[in-house]
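Descriptive analysis of the structure
In case you want the letters, here they are:
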Amino acid sequence: FDETGLTIVRVETRAVNAPTIRAHKLSNTEISHKAIILVRVILSDGSIGHGEGSTLGGPRWAEESPESIRASIDRYLAPAILGLPANRFEAAAHAMARAAARNTSAKAAVESALYDAVGHSLGLPAAQLLGGRMHDRFEVIWALASGDTDQEIDEARAKYAAREHRRFKVKIGFAAPEADLARLRRLTEALPDCDLIVDVNQGWTAARCNRWMPALEELGVVLVEQPVPAQERANLARVTARSRIPVMIDEGAFSLAEVAEAGARAAGNVLSLKLVKSGGLQELKRAAGIATAHGMELYGGCLLESGIGTAAHLAVFSTLPQLHWGTEHFGPRILTRDLTCAGIRFADFHIACPTGPGLGVTVDEAYIQELSDGDWRTAAA
Ligand code: MUC
Ligand code: MG
């Protein structure tokens, strides 16, 4: 028993497939629906918390799939935490770490739900439980990823005119570099007041980087994300050393040891922070600390989460002394309809950090019911 007397009594999962407003293309996958595993944690006082397990294109962006996330929660992670004191977050994370290696998206989903549930029970925002807020809002980046330049120009101009976004991340690496460069040139000409970031999603070799990074520099691209394969941290270090544009490591650094290695080798000078990589809110804060200790800048990454996962990220981001590049949590807007109906607010190129108890969002139960093919499934101890 703990100070509050609260225990974890039930963990439930549910699979939904939420449509996106358009196709979203990466170098290695393309989606028109976002598969999401939702988690619900129920405490002994009846408090409920929600979390979200994210993937992109099945096991394409990383090794976890919606099916594996749900199975690892139901079969291993939930039994490991059932009956534990609810507000001992470190102990719950430790129990999950012992129950399963990696499975970071699954662990992050459960931990998000736990913070949400305890926050609701105590009437405190999750950010308060993570050290307290230092920021109220962040500049929010939008991703251009249809691959159709005319459509992307129209989309970006509309976002800019509506004061929704003025920094854009362009997904490249699915076409030849010559074609990507031509597309980027048209985008820079059409969006003179906007910043462009490119995400190659591991699509280039180090040799291609040597050949094409100077051209990106010439176009005024402000940041290049994960140009080479994830496991090639030595090559990423070489590319970073040669580049005058900041280089961000994304798929190449999941664990704290990988973040430390990236920092020590200067494999990237910016880290993309994601729950799906860190495996939990506390671990995400630690990743930020390790990167900062190595002099890396921080970027608030996403994996197209709905408002639930977005709020979990914002809870952590809001407690960091500095998030140099702002965040790309545009997920609630890429879905035709978000899974939350209150708490997520975008205004004047920014996203506001929710302030209510727990994650500070209201889950749209009716819409979730509409989207999912089954009911909540209870994990047995
Ligand atoms: C990634 O690799 O960054 C995040 C935004 C987006 O458009 O794709 C994702 C994944
Ligand atoms: Mg990326």
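Quick notes on the rules
Residues numbered from 1 in each chain as written. Chains lettered and ligands numbered in written order. Predicted model: local features only at pLDDT ≥ 70, side-chain atom pairs only at ≥ 80, totals over all residues. Heavy atoms only, no water. Helix = DSSP H or I, 4+ residues; strand = E, 2+ residues; numbered from the N terminus. Rg over C-alpha atoms; globule rule 2.2 N^0.38 Å. Buried < 20%, exposed > 50% of the residue type's maximum accessible area, 1.4 Å probe, protein only. Contact = heavy atoms within 4.5 Å. Areas by Shrake-Rupley, 256 points an atom, 1.4 Å probe, with all protein chains shown as cover. Lys, Arg positive; Asp, Glu negative; His and termini not counted. Charge placed at Lys NZ, Arg CZ, Asp CG, Glu CD. Pairing = 2+ DSSP bridges. Axes fitted to C-alpha atoms, helices over the stretch in contact; angles between N-to-C directions. Core = buried A, V, L, I, M, F, W, Y, C linked by side-chain atoms within 4.5 Å. Domains from an automatic or database assignment. Buried area = accessible area lost by both parts, 1.4 Å probe. Salt bridge = Lys/Arg side-chain N within 4 Å of Asp/Glu carboxyl O. Polar contact = N/O pair within 3.5 Å; in protein donor to acceptor, adjacent residues only side chain to side chain. Nonpolar A, V, L, I, M, F, W, Y, C, P; charged D, E, K, R; others polar. Left-handed = near helix turned anticlockwise from the far one by under 90°.

**Quick notes on the overall build of the chain**
The number of helices and strands found in the chain is 14 helices and 16 strands. Here the C-alpha atoms of the chain give a radius of gyration of 20 Å, agreeing with the 21 Å that 2.2 N^0.38 yields for 381 residues. Projected onto the principal axes, the alpha-carbon positions of the chain cover approximately 60 × 40 × 35 Å. Within the span of the chain, comprising 381 residues, buried residues form 60% of the whole. Summarising the internal contacts of the chain: among those between residues at least 6 apart in sequence, 75% fall at separations of at least 24. Surface accessibility of the chain: about 14,000 Å² in total, with carbon and sulfur atoms responsible for 49%. Each charge class in the chain can be summarised by its mean position, and for the 40 positive and 46 negative side chains these summaries are 3 Å apart.

**Focus: the sheet that holds strand β14 (residues 350-352)**
Spatially, three strands are ordered β4-β14-β13 in an open sheet, and the strand pairing comes out antiparallel. In the strand order of this sheet, the two ends are held by β4 (137-139) and β13 (345-347), each with one partner. Taken pair by pair, the neighbouring strands of this sheet meet at an average axis angle of 25 degrees, ignoring direction. Across three bridges, the pairing between β13 and β14 is antiparallel.

**Examining the nonpolar core**
Counting 119 residues, the largest nonpolar core has Ile 73, Leu 216 and Leu 273 as its most contacted members. Each of domain 1 (8-123) and domain 2 (129-362) gives at least three residues to this core. Counting seven residues, the second largest nonpolar core, distinct from the first, contains Ile 197, Met 248, Tyr 299 and Trp 325.

**Let's talk about the domain arrangement of the chain**
As far as domains go, the chain holds domain 1 (8-123) and domain 2 (129-362). When each unit is reduced to the centre of its C-alpha atoms, the spacing between domain 1 and domain 2 is 22 Å. Domain 1 puts 40 residues into the contact, and the matching count from domain 2 is 47 residues. Together domain 1 and domain 2 conceal approximately 3,500 Å² of surface at their shared face, both sides included; 64% is due to carbon and sulfur atoms. Our count for the contact surface shared by domain 1 and domain 2 stands at two salt bridges. A salt bridge links Arg 286 to Glu 90; the nearest nitrogen and oxygen atoms lie 3.2 Å apart. Where domain 1 meets domain 2, there are 20 residue pairs in polar contact (both at pLDDT 80 or more). Only β1 (8-25), β2 (30-43), β3 (48-54), α2 (89-99) and α3 (104-122) provide two or more residues apiece to the side of domain 1 that touches domain 2. Looking at the side of domain 1 that touches domain 2 element by element, the count peaks at 12 residues for α3. Broken down by class, the residue content of the side of domain 1 that touches domain 2 amounts to 18 nonpolar, 14 polar and eight charged.

**Re the packing of helix α1 (residues 66-81) against α2**
Angle between the axes and distance between the axes are the two parameters that describe a pair of packed helices. Running from N to C, α1 and α2 point in directions that differ by 145 degrees, and their axes come no closer than 8 Å. In this structure, the crossing between α1 and α2 has a hand that is right-handed. Counted together, Tyr 76, Leu 77, Ala 80 and Ile 81 of α1 and Ala 92, Ala 95, Met 96 and Ala 99 of α2 form the full contact between these two elements. A breakdown of the residues in the contact of α1 with α2 according to their chemical character gives eight nonpolar, no polar and no charged.

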